[in-house]
Amino acid sequence: MPSPLSRADRLVKRLEVAGFAPRVMRHRDRLRIETELPGEVSAASWRELLAALATADRFGLVQGADRSRTAWADIHRDALTAPDTPRGHGQQP
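Attention here is on the structure that accompanies the text.

Remarks on the overall build of the protein
For the protein, the count of helices and strands is two helices and four strands. Sequence-ordered secondary structure for the protein, helices as α and strands as β, is α-β-β-α-β-β. Sequence-distant contacts, at least 24 apart, represent 54% of the contacts inside the protein between residues at least 6 apart. Total accessible area computed for the protein in this model is approximately 5,700 Å², and 53% of it derives from carbon and sulfur atoms.

With respect to the side chain of R69
Its location among the elements puts R69 in strand β4 (residues 69-76). Look at R69: it is buried, it has no salt bridge, and the nearest opposite charge is E40 at 7.5 Å. Polar side-chain contacts of R69 include one of 2.5 Å to the backbone oxygen of P38. With residues up to four places along the chain from it excluded, the contact list for R69 reads T35, E36, L37, P38, G39, E40, V41, W46, L61, V62 and Q63.

Comments concerning unusual backbone geometry
Of note in the backbone geometry, R67 takes a positive phi value of approximately 75° without being a glycine. The residue R67 is located in the loop between β3 (58-63) and β4 in this model. We classify R67 as exposed; its relative accessible area is 66%.

A short note on helix α2 (residues 43-53)
Looking only at α2, the buried set comprises S45, L49, A52 and L53. Across the axial projection of α2, the buried residues extend over an arc of 95°, all falling on one side. On its buried face, α2 is in contact with α1 (4-17), β2 (30-37), β3 and β4.

The rules behind the values
Residue indices begin from 1 for each chain and proceed along its sequence in written order. Predicted model: local features are reported for residues with pLDDT of at least 70 only, side-chain atom pairs are reported and counted for 80 or more only, and whole-chain, interface and lining totals are derived from all residues. Side-chain measures were taken over the full set of non-hydrogen atoms in the model, leaving aside hydrogen atoms and water. Only DSSP runs of H or I reaching four residues or more are called helices, and only runs of E reaching two or more are called strands; each is numbered from the N terminus. Two residues qualify as a contact provided that any one of their heavy atoms is within 4.5 Å of a heavy atom in the partner residue. In these tables, accessible area is a Shrake-Rupley quantity obtained with a 1.4 Å probe, and a residue counts as shielded only by the protein chains included in the view. Only protein chains enter the accessibility calculation, which uses a 1.4 Å probe. A residue is then buried if its area is under 20% of the maximum for its type, exposed if over 50%, and partly exposed in between. Positive residues here are Lys and Arg, negative ones are Asp and Glu, while His and the chain termini are left out of the count. What counts as a salt bridge is simple: a side-chain nitrogen of Lys or Arg found within 4 Å of a carboxyl oxygen of Asp or Glu. By the criterion applied in these results, polar contacts are pairs of N or O atoms within 3.5 Å in which, for protein atoms, one can donate a hydrogen and the other can accept it, and in which residues neighboring in sequence qualify only through two side-chain atoms. Our arc is simply the arc of the directions from the helix axis toward the C-beta atoms.

The following block contains the structure:
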């Protein structure tokens, strides 16, 4: 299995190719990749965003009070200690 860092790097590259500007935050137990979503996202970009997020251990989409949207993905540093929780929208840490 690829290392958490290489998985995060691949996810970041996929998001960049799709036109997003991801950022990586390092936490003790996980790497979090976040990207702000513009008001309009093409269907092709949505498909690539979802495909990239699906490679993570957990992911979701958060809408702020100002209607901003942030997609996030977590990659656990140690897959053996990853929580046994469903993945996908609404699974916030």
